[in-house]
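# Close look at the chain arrangement
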Amino acid sequence: MNADKFVTQHGLNAPLPLYAQQCQQGFTALFEFRPYQRRFAKPLMTNHGIWDTREGIILRFVDEAGKIGWGEIAPISWFGSETLEQALDFCRQLPNEITSEIIFTIPDCLPACQFGFESALAGVLGCVNESVGRRNSSSTRPYRSGLLAAGEVALQQWKTLWEQGYRTFKWKIGVDAIAKELAIFDTLTGSLPPSAKLRLDANGGLSYVEAKLWLETCDNIQGELPIEIEFLEQPLTVDELAKMLELSRFYKTAIALDESVATLPQIINCYQHGWRGIFVIKPGIVGSPSKLHQFCQQHQIDAVFSSVFETVIGRQAALHLAVKLSRKNRAVGFGVDHFFAQAEVTSPETLWNNL
Ligand SMILES: [Mg+2]
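Keep in mind that this is a model prediction, so the values were computed, not measured. (Residues numbered from 1 in each chain as written. Predicted model: local features only at pLDDT ≥ 70, side-chain atom pairs only at ≥ 80, totals over all residues. Heavy atoms only, no water.)

## Details of the overall build of the chain
From N to C terminus, the chain includes 14 helices and twelve strands. Here the chain has a C-alpha radius of gyration of 20 Å; the compact-globule value for 355 residues is 20 Å, and the two agree. Expressed as lengths along the three principal axes of its C-alpha atoms, the size of the chain is roughly 60 × 45 × 35 Å. Burial status across the chain gives 55% buried among its 355 residues. Long-range contacts, defined here as pairs at least 24 residues apart, represent 70% of the contacts in the chain between residues at least 6 apart. When the accessible surface of the chain is split by element, carbon and sulfur atoms take 50% of a total near 15,200 Å². When the 32 basic and 38 acidic side-chain charges of the chain are each reduced to a single mean position, those positions are 4 Å apart. (Helix = DSSP H or I, 4+ residues; strand = E, 2+ residues; numbered from the N terminus. Rg over C-alpha atoms; globule rule 2.2 N^0.38 Å. Buried < 20%, exposed > 50% of the residue type's maximum accessible area, 1.4 Å probe, protein only. Contact = heavy atoms within 4.5 Å. Areas by Shrake-Rupley, 256 points an atom, 1.4 Å probe, with all protein chains shown as cover. Lys, Arg positive; Asp, Glu negative; His and termini not counted. Charge placed at Lys NZ, Arg CZ, Asp CG, Glu CD.)

Below, the structure written as structure tokens:
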């Protein structure tokens, strides 16, 4: 679907971001891509199964003037994006010279490609703030939430992250038996300093009864302890939106949707069904950043931005969006460096040359 059709279909009338407006005249650049692999220090255990290596694709555009733009395709197929193979097939069939027309007509079934190509385009046109997301930049950097692994390991992990400056933590739940997790939760909330914020992420792994128990527990703890439980993320599965809408009306603790809103068409669908709670947006797989920009500007949704374990290239583009589109002062979920076996390469050129 092209941008105009999309606008007609969803009634988007907010202005497009600058780089998309600039492309109306036409844009061409030389295009290359290289696949990458990055191992996790320990395989990630989520409600969806075990994940041991992040695989993706780096895109490099060079325009007539020699200006370079970087993009990254970092799919998570079990989360609703295309597979890596589908993304590679798409890249392989493209000509060496890429145009804005090709980029803005990437189909919605390739959301991670839409994000990667548009980011590279924005980079060539100078519309990505290079300092965003760099470790040592200060004023434009949003504060980040640190990811805690499921189970008891979280009880130690938060301390290291706290020393590194993290004040918001996200803990994975819905992995072990609920009684065991509630016991760990009790210890965790009792030991976190008063200024900490805690997010719980169930990845759709709770039953309705378990979700109620977690929400009740969170509501009660909020009255007793100074720490803030910011939200419970995706308690139920994607097809249980009606139940999550119901739960969101009964408890003080907020609910955030994540798996339910993986891509822009899903965000629009949940919005149309009345969801006015929090939306967790993973820019890396959400789809077209310019259309997301339009939607967020128009509907003023409460969005939290989150990582897909991308490299510095995808993260810079994602944080750029987060800075523009966050309305409440919420931490962004990009505190995941500690999940990788090797330290991050922070220069796009070096990253590219190593592939
Ligand atoms: Mg999540």
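From this point, the discussion proceeds with the structure in view.
## Considering the pairing of strand 3 (residues 68–73)
Of all six residues that make up strand 3, five are buried, and the element is covered over most of its length. Strand direction decides the pairing type here: strand 2 (residues 49–62) and strand 3, joined by six bridges, are antiparallel. Within strand 3, the residue paired with Leu-59 across the bridge is Gly-71. Where strand 2 folds back on strand 3, the antiparallel hairpin that results is connected by five residues, among which Gly-66 adopts a positive phi of roughly 85°. (Pairing = 2+ DSSP bridges.)

## Topic: helix 9 (residues 241–250)
What helix 9 keeps buried is the set Leu-241, Met-244, Leu-245 and Leu-247. Taken end-on, helix 9 shows its buried residues confined to a sector of 165°, consistent with a single buried face. Counted as exposed and oriented over 90 degrees from the buried face of helix 9: Ala-242, Arg-249 and Phe-250. Of the surrounding secondary structure, the elements contacted by the buried residues of helix 9 are helix 8 (208–224), strand 9 (255–257) and helix 10 (264–272). (Arc of directions from axis to C-beta.)

## Some remarks on helix 6 (residues 154–163)
Taken together, the buried positions of helix 6 are occupied by Ala-154, Leu-155, Gln-157, Trp-158, Leu-161 and Trp-162. Along helix 6, the residues classed as buried sweep out an arc of 160° about the axis, all on the same side. Structural note: helix 6 exposes Gln-156 and Glu-163 on the side pointing more than 90 degrees away from its buried face. In this structure, the buried side of helix 6 is in contact with strand 5 (144–148), strand 6 (168–172) and helix 7 (178–191). Residue Gly-165 follows helix 6 closely and has a positive phi angle near 105°.

## Description of the coordination of the magnesium ion
On the protein side, the magnesium ion has Asp-201 (OD), Glu-233 (OE) and Asp-258 (OD) as donor atoms, found 2.0 to 2.3 Å from it. The sequence pattern describing where the donors of the magnesium ion fall on their chain is D-x31-E-x24-D. Of this pair, Glu-233 sits in strand 8 (residues 228–233) while Asp-258 sits in the loop between strand 9 and helix 10, and the two are 25 residues apart along the sequence. Overall, Glu-233 belongs to the buried group, its relative accessible area being 1%. (Donors = N, O, S within 2.8 Å, 3.2 Å for Na, K, Ca; no water.)

## Some words on the sheet that holds strand 8
In space, the eight strands of this open sheet follow the order 11-10-9-8-7-6-5-12, with parallel pairing throughout. Across the chains shown, the open sheet's two edge strands, defined by having one partner strand only, are strand 11 (302–305) and strand 12 (332–335). The mean inter-strand angle of the sheet, taken between neighbouring strand axes irrespective of direction, is 35°. Inspection of the sheet shows strand 8 paired to strand 9 by two bridges, in the parallel sense. Following the sheet pairing, Leu-232 is matched in strand 9 by Ile-255. With respect to the sheet, helix 13 (residues 312–325) is in contact with strand 5, strand 11 and strand 12, its orientation differing from that of strand 12 by roughly 155°. (Axes fitted to C-alpha atoms, helices over the stretch in contact; angles between N-to-C directions.)

## Some words on the domain arrangement of the chain
Segmentation of the chain into domains returns domain 1 (3–124) and domain 2 (144–350). Computed from C-alpha atoms alone, the centre-to-centre distance between domain 1 and domain 2 is 24 Å. Of the residues lining the interface, 42 residues belong to domain 1; the matching set on domain 2 comes to 44 residues. Taken over both partners, the interface formed by domain 1 and domain 2 buries close to 3,700 Å², and the fraction arising from carbon and sulfur atoms is 67%. Here domain 1 is connected to domain 2 by zero salt bridges. Our count for the domain 1 to domain 2 interface comes out at ten residue pairs in polar contact (both at pLDDT 80 or more). At the level of elements, helix 1 (3–10), helix 2 (18–22), strand 1 (28–46), strand 2, strand 3 and helix 5 (111–124) are the ones that each hand at least two residues to the side of domain 1 that touches domain 2. The biggest single contributor to the side of domain 1 that touches domain 2 is strand 1, with seven residues. In the side of domain 1 that touches domain 2, the residues fall into 25 nonpolar, ten polar and seven charged. (Domains from an automatic or database assignment. Buried area = accessible area lost by both parts, 1.4 Å probe. Salt bridge = Lys/Arg side-chain N within 4 Å of Asp/Glu carboxyl O. Polar contact = N/O pair within 3.5 Å; in protein donor to acceptor, adjacent residues only side chain to side chain. Nonpolar A, V, L, I, M, F, W, Y, C, P; charged D, E, K, R; others polar.)

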